[in-house]
Amino acid sequence: GFSSITNVHAATLVKEKSGYYYHRYNSYGDNASWYWQLYTMDGQVAYCIEPNVPEGTTYPQGNWASTGLSDSIKERILLTAYYGYTYPGHQTLKYRAATQGMIWATILGNNTTVKFSTERYGNGTPLDVSAEKAEIERLIANHYVKPSFNGGTYTLQVGESITLHDDNGVLGNYSVSVNGATYSVNGNDLTLTPTVDGNVTITLKKNMPYGENYKIFYGDGIQNMLVPGTVDPVVASVKINSYYGSVEINKYDKQTAETPQGQATLKSAVYGVYRNDGTLLTKITTDENGYGKSDAV
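Note that the structure is predicted; figures quoted are calculated from it, not measured. (Residues numbered from 1 in each chain as written. Predicted model: local features only at pLDDT ≥ 70, side-chain atom pairs only at ≥ 80, totals over all residues. Heavy atoms only, no water.)

Let's shift gears to unusual backbone geometry. Excluding glycine, residues mostly have negative phi values, and the peptide bonds linking residues are mostly trans. If you check the backbone angles, asparagine 110 has positive phi at about 50° while not being a glycine. The topology assignment puts asparagine 110 in the loop between helix H3 (93-108) and strand E5 (113-117). We classify asparagine 110 as partly exposed; its relative accessible area is 38%. Backbone geometry at asparagine 111 places phi at a positive 55°, although glycine is not the residue there. (Helix = DSSP H or I, 4+ residues; strand = E, 2+ residues; numbered from the N terminus. Buried < 20%, exposed > 50% of the residue type's maximum accessible area, 1.4 Å probe, protein only.)

Turning our attention to the nonpolar core. Grouped burial of nonpolar side chains is what soluble globular proteins tend to show. Residues Trp36, Met41, Ile49, Ile77, Phe116, Met225 and Leu226 are the most contacted members of the largest nonpolar core, which totals 48 residues. Counting residues per element, this core draws most heavily on H3, which supplies seven residues. Discounting chain neighbours no more than four positions away, the residues touching methionine 41 are Ala11, Thr12, Leu13, Ala46, Tyr59, Phe217, Met225 and Val227. Counting 18 residues, the second largest nonpolar core, distinct from the first, contains Val170, Tyr174, Val178 and Ala181. (Core = buried A, V, L, I, M, F, W, Y, C linked by side-chain atoms within 4.5 Å. Contact = heavy atoms within 4.5 Å.)

Taken as a whole, this structure holds eight aromatic pairs when the rule is applied. Summarising the aromatic geometry, the rings of tyrosine 82 and tyrosine 87 are spaced 6.1 Å apart at their centres and angled 40° between planes, so their arrangement reads as tilted. Judged by relative accessible area, which is 1%, tyrosine 82 ranks as buried. For tyrosine 87, a relative accessible area of 21% translates into the label partly exposed. (Phe/Tyr/Trp six-rings, centres within 6.5 Å; stacked < 30°, edge-to-face > 60°.)

In the sheet, strand E7 (residues 162-165) pairs with strand E10 (residues 189-194) via four bridges, with the strands oriented antiparallel. Its bridge partner lying in E10, threonine 163 is registered against threonine 191. Alignment of strand E9 (residues 181-186) against E10, held across six bridges, turns out to be antiparallel. Paired with asparagine 186 across the two strands is aspartate 189, which belongs to E10. (Pairing = 2+ DSSP bridges.)

This paragraph deals with the sheet that holds strand E11 (residues 198-206). Reading across the sheet, the four strands line up as E6-E14-E11-E8 and stay open at both edges, with mixed pairing between neighbours. With partners counted over all chains shown, the strands left at the sheet margins are strand E6 (153-157) and strand E8 (174-178), one partner each. Between one strand and the next, the sheet's axes are offset by a mean angle of 25°, whatever the strand orientation. The sheet contact formed by E6 and strand E14 (residues 235-243) spans five bridges and is parallel. Residue tyrosine 154 lies in a different strand from E14, and its bridge partner there is isoleucine 240. (Axes fitted to C-alpha atoms, helices over the stretch in contact; angles between N-to-C directions.)

Neighbouring strands of a sheet are bound in pairs by backbone hydrogen bonds; such pairs are parallel or else antiparallel. A sheet is described by the order of its strands in space; here three strands give the open sequence E7-E10-E9, paired in antiparallel fashion. At either margin of the open sheet sits one strand with a lone partner, and together these are E7 and E9. In this sheet, neighbouring strand axes are inclined to one another by 20° on average, regardless of whether the strands run parallel or antiparallel.

For the rest of this paragraph, the subject is the pattern of salt bridges. Evaluated as defined, the whole model comprises four salt bridges. One salt bridge in this structure joins glutamate 137 and arginine 76, with 2.7 Å as the shortest N-O distance. With glutamate 137 in helix H4 (residues 130-141) and arginine 76 in helix H2 (residues 74-82), this pair connects stretches of sequence that are 61 residues apart. Given a relative accessible area of 33%, glutamate 137 falls into the partly exposed group. We note a salt bridge from arginine 138 to glutamate 135, for which the minimum N-O separation is 2.9 Å. With arginine 138 and glutamate 135 both in helix H4, this residue pair falls three residues apart, about one helical turn. (Salt bridge = Lys/Arg side-chain N within 4 Å of Asp/Glu carboxyl O.)

When strand E1 (residues 10-25) meets strand E4 (residues 58-62), the two strands line up antiparallel, connected through three bridges. The partner of threonine 12 across the bridge, within E4, is threonine 58. Connecting the antiparallel pair E1 and strand E2 (residues 31-41) is a turn made up of five residues, with glycine 29 showing a positive phi of about 100°.

Inspection of the secondary structure assignment puts serine 117 in strand E5. A distance of 2.8 Å separates the side chain of serine 117 from the backbone oxygen of glutamate 119, its partner in a polar contact. Sequence-distant contacts of serine 117, that is, excluding residues within four places in its chain, are made with Tyr20, Tyr21, Gly122, Asn123, Thr125, Pro126 and Leu127. (Polar contact = N/O pair within 3.5 Å; in protein donor to acceptor, adjacent residues only side chain to side chain.)

What follows deals with the packing of H3 against H4. When two helices pack together, their arrangement is given by the angle between their axes and by how far apart the axes lie. In contact at an axis separation of 8 Å, H3 and H4 are set at 65° when each is read in the N-to-C sense. Seen from above, H3 lies across H4 with right-handed handedness. Across the interface between the two elements, Lys94, Tyr95, Ala98, Thr99 and Met102 from H3 touch Glu132, Lys133, Glu135, Ile136 and Glu137 from H4. In terms of residue class, the contact of H3 with H4 is built from four nonpolar, one polar and five charged. (Left-handed = near helix turned anticlockwise from the far one by under 90°. Nonpolar A, V, L, I, M, F, W, Y, C, P; charged D, E, K, R; others polar.)

Encoded structure:
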């Protein structure tokens, strides 16, 4: 599951007015509107995850269980924060509003709507965050999408290459690690070349833009807070069954290209098979017909 680290560090909440009011409402009677505050916890962007409760100042750090929220909404809240304002390229006030509004709507349920404007209860000039919400939703929906070749197994000779195309178009979001093969990435194409005999596993791990885990801050009678951070890793893999091939040769008489002339013979000619670096892999000795085949090399 989505894990978090617990320690005894106490953090300080700082709030700043955004210039806008929030308005939260649904058909079940929730109709709240007040200053929308911008929160930081020890300098890190934070979100309210306990609406209708006043803020505190000093908070201990906890874990998801400290929030009292159900596990059924945990993943959506953490991914909303992950892809929200602090995600690369999202550093706008609209993204910050969209993130907080989506978190509140998830927690309150009941088709809660959250809007932002320059006056209470939706009056004044609205802050339109519909495009930002749609992009966060798109990223959440695609969070677990792996390259289309995930789980594939391919049989290749050592030194033989294969290029895998990612029809899902997400390869650029992953880092590749492998022992026993070389690889290159070109757009959505991954080219693999085994360098050893046997089973080779290629691991692709989704890049995480955060350097540390998400954090939960909580307290009795004060609003619980969330600082976004890494979530569970998304990992894909490909396997190669690689093998050494063999080398075959046919020795011909160079004058007739068929039979030996005079005392010439096709038998017992010895040839070396080398790597590109000059390492001798094996030797081939021809038979009376000029044919020879190596062991697997």
